[in-house]
Amino acid sequence: MSPAKLARLQMKTEDIPDNFIDRQIRETQYISTEALKRLKLVCRKVWASSGSITNHLRNQWGLPDIIQDLNLEKYKALDRVVRVKNKHGKEYNLIKDWSKREDHRHHAVDALVVACTKQGYIQRLNKLHERESTIKDSVWRVDAPWKSFYQDAREALERILVSFKGSNKVVTRAKN
């Protein structure tokens, strides 16, 4: 075993980095490329876009805080919600130490954004990015796919139940 691997195996929990390691990034790139190739074999129109376009559209369509909004009552009960003011002086609720990774439905939000992304949006945003060194919100504005998009997305996400398989059970009694 190499000294580097031994050091990683003996690393304390609090010292383990949260970010992707280079190998995971390369694997993700390979998987994405391979998935694109295979999809093109069965679908006529398949495009790839960067995560920054998905992120931009998610923000434009008002979806970044939708998961936090869905979890607000649960976190209020845990006393993890505070009232804060935005730059315009408007007050809103915020979950302390919130991470979207606490709720796996954020993958459904991204899937929704990808499903509603048109090739024209990708081309337009890429061309604007080439021309503009500074991003101007008015130029980069992409309207939501339909009028009740946020409400429909919220209702759909509320119906999603994320469950986890129990693991490391010592004994499971069977009832026949």
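Everything that follows concerns the structure shown earlier in this document.
Residues numbered from 1 in each chain as written. Predicted model: local features only at pLDDT ≥ 70, side-chain atom pairs only at ≥ 80, totals over all residues. Heavy atoms only, no water.

Draft legend 1. View of the packing of helix H3 (residues 51-60) against helix H6 (residues 119-131). With their axes 11 Å apart at the nearest point, H3 and H6 run at an angle of 105° to one another. Between H3 and H6, the angle is such that the two are roughly perpendicular. Of the residues in H6, those touching H3 at Ile53, His56 and Leu57 are Tyr121, Ile122, Leu125 and Asn126. Per-class residue counts for the contact of H3 with H6 are five nonpolar, two polar and no charged. (Axes fitted to C-alpha atoms, helices over the stretch in contact; angles between N-to-C directions. Helix = DSSP H or I, 4+ residues; strand = E, 2+ residues; numbered from the N terminus. Parallel < 35°, antiparallel > 145°, perpendicular 65-115°, else oblique. Contact = heavy atoms within 4.5 Å. Nonpolar A, V, L, I, M, F, W, Y, C, P; charged D, E, K, R; others polar.)

Draft legend 2. Representation of the nonpolar core. Within the largest apolar cluster, 24 residues are counted, with the highest numbers of intra-cluster contacts made by Leu57, Trp61, Leu63, Ile66 and Ile67. Going through the elements one at a time, H3, helix H4 (66-77), helix H5 (106-116), H6 and helix H7 (149-158) are the ones with two or more residues in this core. For tryptophan 61, the residues in contact, after removing those within four places along its chain, are Val113, Cys116, Thr117, Tyr121, Val142, Asp143, Ala144, Pro145, Phe149 and Tyr150. (Core = buried A, V, L, I, M, F, W, Y, C linked by side-chain atoms within 4.5 Å. Buried < 20%, exposed > 50% of the residue type's maximum accessible area, 1.4 Å probe, protein only.)

Draft legend 3. The arrangement of H3 in detail. Residues of H3 that are buried include every one of Ile53, Thr54, His56, Leu57, Arg58 and Gln60, and no others. Where H3 is buried, its residues contact H5 and H6.

Draft legend 4. Main features of the pairing of strand E1 (residues 81-85). When E1 meets strand E2 (residues 91-95), the two strands line up antiparallel, connected through five bridges. By the bridge assignment for E2, valine 84 is matched with tyrosine 92. The loop that links E1 with its antiparallel partner E2 comprises five residues; one of these, glycine 89, has a positive phi angle of about 85°. (Pairing = 2+ DSSP bridges.)

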